[in-house]
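Next come the chains, spelled out residue by residue.
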Amino acid sequence: MKIVWQIVFGAALLFVWFPYAWALDLSFQGFLQGNYTADTAASNPDGGDFKWAEERAQLQLDVAKDYVQLHLKTDAFYDHVDTDADVELREGYLDYVAPSWDVRAGRQIITWGVGDLVFINDVFPKDYEAFFSGRPLEYLKKGVDGVKAGLYPDFASFEIVVIPFFEPNNFPDPARFHLFDPIPGIDRKEEEPATSLDNVEVAVRAYRNLAGFDASLYSYRGFFRQPSALPDDSSAPTRLTLLYPELSVYGASLQRNALDGLVSLEAGYYDSREDRDGADPMLPNSQTRFLAGYQRQLWEDCTLGLQYYVEYMNDYSEYERNVPPGFPREKEWRDLVTVRLTQLLRHQTLALSWFSFWSQADNDYLLNPEVKYNLTDHLWAAVGGMIFGGEEESTQFAQLDENDNVYLQMRYSF
Amino acid sequence: MRILFACCLMAVSTLFFSPNSYGLEAREIIRNSQAAFLYPGDDFKARVLMKLVGKGGQERIRELTLLRKNYGETGGDQKYFMYFFQPLDVKDMTFMVYKYPGKDDDRWLFIPALNMVRRIAAQDKRSSFVGSDFTYEDVSGRDPEEDTHAIAREEKLGDRDCYVIKSTPKEGGMEYEYKLSWIDKVTFLPVKEEYYDRQSELYKVFTAEEMAEVKGFPTVTKRSMKNLQSGHRTEVTYLKTDYNLGVGNSLFTERFLKQPPKKWID
């Protein structure tokens, strides 16, 4: 049903504009892609040996006339794991650009914050399954169906995003990924926030240059995109409801050249509006999150990026007092260290890269080495691995321990 | 008495300034050359076609629109805006540089597939520009204060009278020991540059292959950089070159990095 809606939406946008076609500025581009990811540690829970195996074609259409622009990006793919073909509207929006403001309406990808794969003020939906399955990085981001307005007075710039339709994060599929489940074998039902005026999400970003810093302020009112599981009966649950609790986020980021490199700072306060006192162990407590990053060129075509991220759970004593026995206990402080090392070779056509997450608090990790080669100006191929591990079975990366994989991505652009 | 004093002054000034004046003149020529090569007009626009040619003849194409705006005096700050057409996997990508002489650039890259602006660490101005044989410095200029300059000789190159300037980096550890530049006495454009490695062997050659006058500004419209050691070369053609278009300050902002206006990138 969703696909039908997407096609109708795309076609409607196209045909509304078609009468003008003779005076339009039209451009097409796209790619053909193969993406195959094989298990290296264990077969999938459903017995399969591939996390991902698909061929995909993307078509992008841009139509412009004066101050208006239409942008459509649609993927069609054949998935060998589920033996299923589908069409997906990745982006589809109309832009109107005035001298001191602009507006973008439709499905769009929005990325905020200064983190490298660490998100504090980027409150927009993500596809973690895509990332863990070794798909190209752009598939980590999901579009939102909403309206974004830009205002550009002299003293600062503003982005205001209004999202009437809730879109959750996409997490790994339990048929393909071994995941930790504290209450296995119990029916669960997902309840997304209803589409109503009360549930409209609003995100605002204000930014400007401040003493050489790229400075941004952020605020968001909406929902957690990761569901909380609410049992019908906490002592002997028979059914779980997956809910998306209310969330507000307030944050800031700074970035500038310093210390012979590039320094990034970001912070955010996560206000868990349905559990402000932290007493409900099934809902997330409020959190304070910090990120410090440093990037520098070590030598020609070699860049090192380091990040330290820490999140602090507010009202931890309340949480501790109420968490049911037998449940894995979250920590008051959780940290992450990331390392990204990229070396470009052969006139920047060959890229060797390393990315890793490591948490000292959780004692778990994700390692992602990759080699990418642009065989021609049209064709590139990348081979890489996702290696997960850790001590406890419940933490973010340790629970993915049995999902190690190697992936191949090939793309022909036209 | 007066005449005597003047003579003394002349003698003294010759004594003090004459060994220096030759060097000062060389630096002046380099400054003039930078002004003619990298600073003409208030702003500048060109469609840049780069052909990267490997030893075996295999070619890669980089095509972009380059916009530049000057801030302050000649030799001062500049802002650059680039929009990529080719290769296709980076189509619609934009890149912005705030250049400050004597200080690290500020650089931003916009990645359309993620709708993301990334700031990029930029310490090494000697690193390759988009994988070509040109460095960032070759594109946006090297601070003349970083080298000592001397006039090696004056000679004709083709039909052009040139100064030949030897520029030696003050700081060691560079990939070249010194550079010889043939600078046209009339236009002050560099006609040829030779880079010598630490064994004083010629290893890289810049050639200005075509020059044209655009809105009264002599402009190098075709150039190449050949690496004699690797056999790799890059040929660059400037198409649709223009000056003083009235490029506004607002172009060099995140807003237009994400949504480059058609009129500036075409």
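Within any chain, residue numbers begin from 1 and follow the written order of that chain's sequence. Throughout, the order in which chains and ligands are written sets their labels, letters from A for the former and numbers from 1 for the latter. Reporting in this predicted model follows two pLDDT cut-offs: at least 70 for local features of residues, and 80 or more for side-chain atom pairs to be given and counted; totals over whole chains, interfaces and linings ignore these cut-offs and use all residues.

This part is about the overall build of chain A. The way it works is that DSSP assigns letters per residue, a run of H or I at least four long becomes a helix, a run of E at least two long becomes a strand, and they are numbered from the N terminus. What chain A contains, in helices and strands, is three helices and 21 strands. In terms of overall dimensions, chain A has C-alpha extents of about 70 × 55 × 45 Å along its principal axes. Burial statistics for chain A: of 414 residues in total, 31% are counted as buried. By sequence separation, contacts in chain A at least 24 residues apart represent 58% of the contacts at least 6 residues apart. As a rule, residues whose C-beta atom has 12 or fewer other C-beta atoms within 10 Å are exposed, those with 20 or more are buried, and those in between are partly exposed; C-beta atoms are placed from the backbone. Each residue is represented by a C-beta atom placed from its backbone, and any two residues with such atoms within 7 Å are regarded as in contact.

Here we come to the nonpolar core. Residue and element names in this part refer to chain B. Within the largest apolar cluster, 22 residues are counted, with the highest numbers of intra-cluster contacts made by Val48, Tyr80, Phe81, Met82 and Met96. Elements represented by at least two residues in this core include exactly strand E1 (43–53), strand E2 (59–70), strand E3 (78–86), strand E4 (94–99), strand E5 (106–111) and strand E13 (233–243). Contact partners of Met82, with chain neighbours within four places excluded, come to Leu64, Thr65, Leu66, Thr94 and Phe95. Remark: nonpolar core denotes a set of buried Ala, Val, Leu, Ile, Met, Phe, Trp, Tyr and Cys residues whose joining runs through C-beta atoms within 7 Å.

Facing the 28 residues of chain B at the interface are 33 residues of chain A. Of all the elements in the fold, those that place two or more residues in the side of chain B that touches chain A are E2, strand E6 (116–120) and helix H3 (254–258) of chain B.

Right, let's talk about the sheet that holds strand E12 (residues 239–243) of chain A for a bit. Sheet strands associate in pairs through backbone hydrogen bonding, adopting either a parallel or an antiparallel arrangement. All names here are of chain A. Two strands form a pair only when DSSP identifies at least two bridges running between them. If you walk across this open sheet you meet the three strands as E8-E12-E11, and the pairing is mixed. Since the sheet does not close on itself, it has two edges, and those belong to strand E8 (187–191) and strand E11 (228–231), each with one partner. Between one strand and the next, the sheet's axes are offset by a mean angle of 30°, whatever the strand orientation. Here five bridges tie E8 to E12, and the two strands are oriented parallel to one another. Opposite Glu191, over in E12, you have Leu243 as the bridge partner. Helix axes are fitted only over the stretch in contact, all axes being lines through C-alpha atoms; the angle between N-to-C directions runs from 0 to 180 degrees.

Quick look at the pairing of E4 of chain B now. Within a regular beta strand, the side chains point alternately toward one face of the sheet and then the other, so they alternate between its two faces. All names here are of chain B. E4 sits mainly inside the fold: five of its six residues count as buried. Here six bridges tie E3 to E4, and the two strands are oriented antiparallel to one another. For Met82, the partnering residue across the bridge sits in E4 and is Phe95. Two strands pair when backbone bridges link them, and E4 and E5 are joined in this way by five bridges, in the antiparallel orientation. Looking across to E5, one finds that Thr94 is bridged to Phe110. What sits between the antiparallel neighbours E4 and E5 is a turn of six residues, in which Gly102 has the positive phi angle 80°.

Attention now moves to the confidence of the model for chain B. All names here are of chain B. pLDDT is defined as a per-residue confidence score from the predictor, taking values between 0 and 100. The predicted model of chain B averages 90 in pLDDT, with 91% of residues at 70 or higher. The model gives residues 4–21 a pLDDT under 50, and that stretch makes zero contacts with residues more than four places away or in other chains. Of the two predicted TM-score estimates for the complex, the pTM is 0.91 and the ipTM is 0.92.

Let's shift gears to the environment of Ala64 of chain A. You can see Ala64 of chain A is positioned in strand E2 (residues 50–65). For the pair formed by Ala64 of chain A and Pro328 of chain A, sequence separation is 264 residues and the distance between their alpha carbons is 54 Å. The contact partners of Ala64 of chain A, leaving out residues within four places of it in the chain, are Leu24, Asp25 and Gln69 of chain A together with Lys262 of chain B.

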